[in-house]
Amino acid sequence: KAGVTQTPRYLIKTRGQQVTLSCSPISGHRSVSWYQQTPGQGLQFLFEYFSETQRNKGNFPGRFSGRQFSNSRSEMNVSTLELGDSALYLCASREGGPQGEQFFGPGTRLTVL
Amino acid sequence: QQQVKQSPQSLIVQKGGISIINCAYENTAFDYFPWYQQFPGKGPALLIAIRPDVSEKKEGRFTISFNKSAKQFSLHIMDSQPGDSATYFCAASMRNDYKLSFGAGTTVTVRA
């Protein structure tokens with residue numbers, strides 16, 4: 001099976017712009033989670049989707065949003081970008097319940113100038 | 001705030017040595033404790049995980065020790081190899097919760 005894929009791998013934006021990141025989970029996985037990874041804050045949970053419904057949300061401002069499509073693919077959107085949004089955004093998919101193994105993609109490296 | 005505290009931030013070990021990474025938590029509702037390994041340019045990958053009903057779990061050269069009363073758990077990498085050079089994250093989650101709370105990470109360098 002192919003692993004979790006994320007596109008694009010690298011992105012450069014300027015402050016105030018918005019960005020959309022895409023994640024394709026492993027085939028058959030219906031749960032997709034998003035994490036932000038920065039040197040200062042480490043890995044922080046953004047949100048999790050299952051069957052097109054957001055089941056859990058982390059402590060991020062409303063500028064961060066996401067959605068999941070019927071084929072389990074997911075997108076996350078960040079509006080009005082700030083310098084502090086520069087980070088590696090990781091997507092993870094899982095097949096089973098809440099404590100099933102999560103498989104992470106390689107991430108999208110977002111740089112905000 | 002960080003719900004899982006991880007130390008040390010980095011460590012260097014000689015090939016064949018033992019690497020030890022420690023994590024501590026406060027939330028007693030946590031009941032699943034995975035460790036992830038991350039190489040540069042890659043996403044984290046699950047290494048080994050433990051639940052609080054056991055005190056130790058071993059998979060190959062990797063061992064988790066769990067101390068429920070102290071709310072601490074640790075990863076031991078035995079016979080460390082240069083290929084083990086990576087960043088290691090401990091994490092925790094609660095039953096029926098889809099969110100993982102991660103430690104800050106430990107960069108392990110194994111010198112040949």
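Keep in mind it's a predicted model, so treat the numbers as computed, not measured.

Trainee: Before we move on, could you go through the nonpolar core and cite the residues and values that matter?
Mentor: Counting residues in hydrophobic clusters, the biggest one holds 24 residues, and the most contacted among them are F33, W35, F73, L75 and Y88 of chain B. In terms of residue count, strand β9 (residues 86-94) of chain B provides more of this core than any other element does, four residues in total.

Trainee: Quick rundown of the sheet that holds strand β1 (residues 4-7) of chain B? Include the residues and the values.
Mentor: All names here are of chain B. Reading across from one edge, β1-β3-β8-β7-β6 is the order of the five strands in this open sheet, with antiparallel pairing throughout. Edge positions in the sheet fall to β1 and β6 (56-59), since each has one partner strand and no second. Strand-to-strand twist across the sheet, computed as the mean angle between neighbouring axes with direction ignored, equals 15°. Direction of pairing for strand β3 (residues 19-25) relative to strand β8 (residues 72-77): antiparallel, over a ladder of six bridges. Bridge assignment links I21 to a residue of β8, and that residue is L75.

Trainee: Please provide a residue-by-residue account of the state of the cysteines, values included.
Mentor: All names here are of chain A. For the structure on display, the rule yields two disulfides over all chains. Each sulfur of the disulfide joining C23 and C91 lies 1.7 Å from the other. Of note, the bridge from C23 to C91 carries an S-S torsion of about -55° and is left-handed in sense. Placement of the pair is C23 in strand β3 (residues 19-24) and C91 in strand β9 (residues 87-94), with a sequence separation of 68 residues.

Trainee: Residue-level account of the packing of aromatic side chains, with values.
Mentor: Applying the stated criterion across every chain, the model contains 17 aromatic pairs over all chains. Aromatic side chains Y35 of chain A and F102 of chain B sit 5.6 Å apart centroid to centroid with 90° between the ring planes, which places their arrangement in the edge-to-face category. Highlighted residues: Y35 of chain A in strand β4 (residues 31-38) and F102 of chain B in strand β10 (residues 101-102), drawn from two different chains. Under the relative-accessibility criterion, F102 of chain B is labelled buried at 3%. Note on F104 of chain A and Y36 of chain B: the rings are 5.5 Å apart at their centroids and 85° apart in plane angle, and the pair reads as edge-to-face. Here the residue F104 of chain A occupies a position in strand β10 (residues 103-104), and Y36 of chain B occupies one in strand β4 (residues 30-38), the pair thus bridging two chains. Neither residue differs from the other here; F104 of chain A and Y36 of chain B are each classed as buried. Among the aromatic residues, those joined into a cluster by ring pairs are Y35, F45 and F104 of chain A together with Y36, F89 and F102 of chain B.

How each quantity is defined
Every chain is numbered independently, its residues counted from 1 as its sequence is written. Chains and ligands are labelled sequentially in the order written, the chains with letters from A and the ligands with numbers from 1. The predicted origin of the model limits local features to residues at a pLDDT of at least 70 and limits the giving and counting of side-chain atom pairs to 80 or more, whereas totals for whole chains, interfaces and linings rest on all residues. For the side-chain quantities, the full set of heavy atoms in the structure was used; hydrogens and water were omitted. We call a set of buried residues a nonpolar core when its members are Ala, Val, Leu, Ile, Met, Phe, Trp, Tyr or Cys and they connect through side-chain atoms within 4.5 Å of each other. The buried label goes to any residue with under 20% of its type's maximum accessible area, the exposed label to any with over 50%, and the partly exposed label to all in between, with areas taken from a 1.4 Å probe on protein chains only. Strands here are runs of E lasting at least two residues and helices are runs of H or I lasting at least four, both read from the DSSP assignment and numbered beginning at the N terminus. Pairing between strands is defined by DSSP: at least two bridges between the two strands are required. In this description, a line fitted to the C-alpha atoms serves as the axis of each element, helices being fitted only across the stretch in contact, and the angle between N-to-C directions of two axes falls anywhere from 0 to 180 degrees. Here, the term disulfide refers to a pair of cysteine sulfur atoms separated by no more than 2.5 Å. For Phe, Tyr and Trp, rings pair up if their centres lie within 6.5 Å, where Trp contributes its six-membered ring, and each pair is then called stacked (planes under 30 degrees apart), edge-to-face (over 60) or tilted (otherwise).

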